[in-house]
Amino acid sequence: MSRLMTSTLLEEAFKVIPSQQLLVNVVSKRVRQLTAGHRPMVETGPRMGFSDIALTEIIQGKLNFEAAVPAEDGKN
């Protein structure tokens, strides 16, 4: 995939996950899963890398994620 396409995927994924840190974490975790043999949840092209697949999954709403919120259960 070209850099332009990857850049476009990043921009689109950033609309779904507007936190750069959270986006990086979600993509990193998903890339590790794909590397370990998990199947892509989207149609893939012959030149798509794992990060492109992860970004496409985010854009298409295939990945669930939640921002970590400090627990306030009084167990400190």
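Please read all numbers here as calculations on a predicted model, not as lab measurements.

### Thoughts on the pattern of salt bridges
(1) Moving on: Per the stated rule, a full pass over the model turns up 2 salt bridges.
(2) Moving on: Among the salt bridges present, the one from Lys 15 reaches Glu 12, with a minimum N-O distance of 3.1 Å. Residue Lys 15 and its partner Glu 12 are located together in helix 1 (residues 3-16), separated by 3 residues, close to a single helical turn.
(3) Moving on: Classification of Glu 12 by relative accessible area gives partly exposed; the value is 32%.
(4) Moving on: Between Arg 30 and Glu 57 there is a salt bridge, and its shortest N-O distance comes to 2.6 Å. Remark: Glu 57 occurs in helix 3 (residues 50-59) and Arg 30 occurs in helix 2 (residues 20-35); sequence separation between them is 27 residues. Considered together, Arg 30 and Glu 57 belong to a single accessibility category, that of buried residues.

Here is what the cut-offs are and how they apply
- Residues numbered from 1 in each chain as written.
- Predicted model: local features only at pLDDT ≥ 70, side-chain atom pairs only at ≥ 80, totals over all residues.
- Heavy atoms only, no water.
- Salt bridge = Lys/Arg side-chain N within 4 Å of Asp/Glu carboxyl O.
- Helix = DSSP H or I, 4+ residues; strand = E, 2+ residues; numbered from the N terminus.
- Buried < 20%, exposed > 50% of the residue type's maximum accessible area, 1.4 Å probe, protein only.

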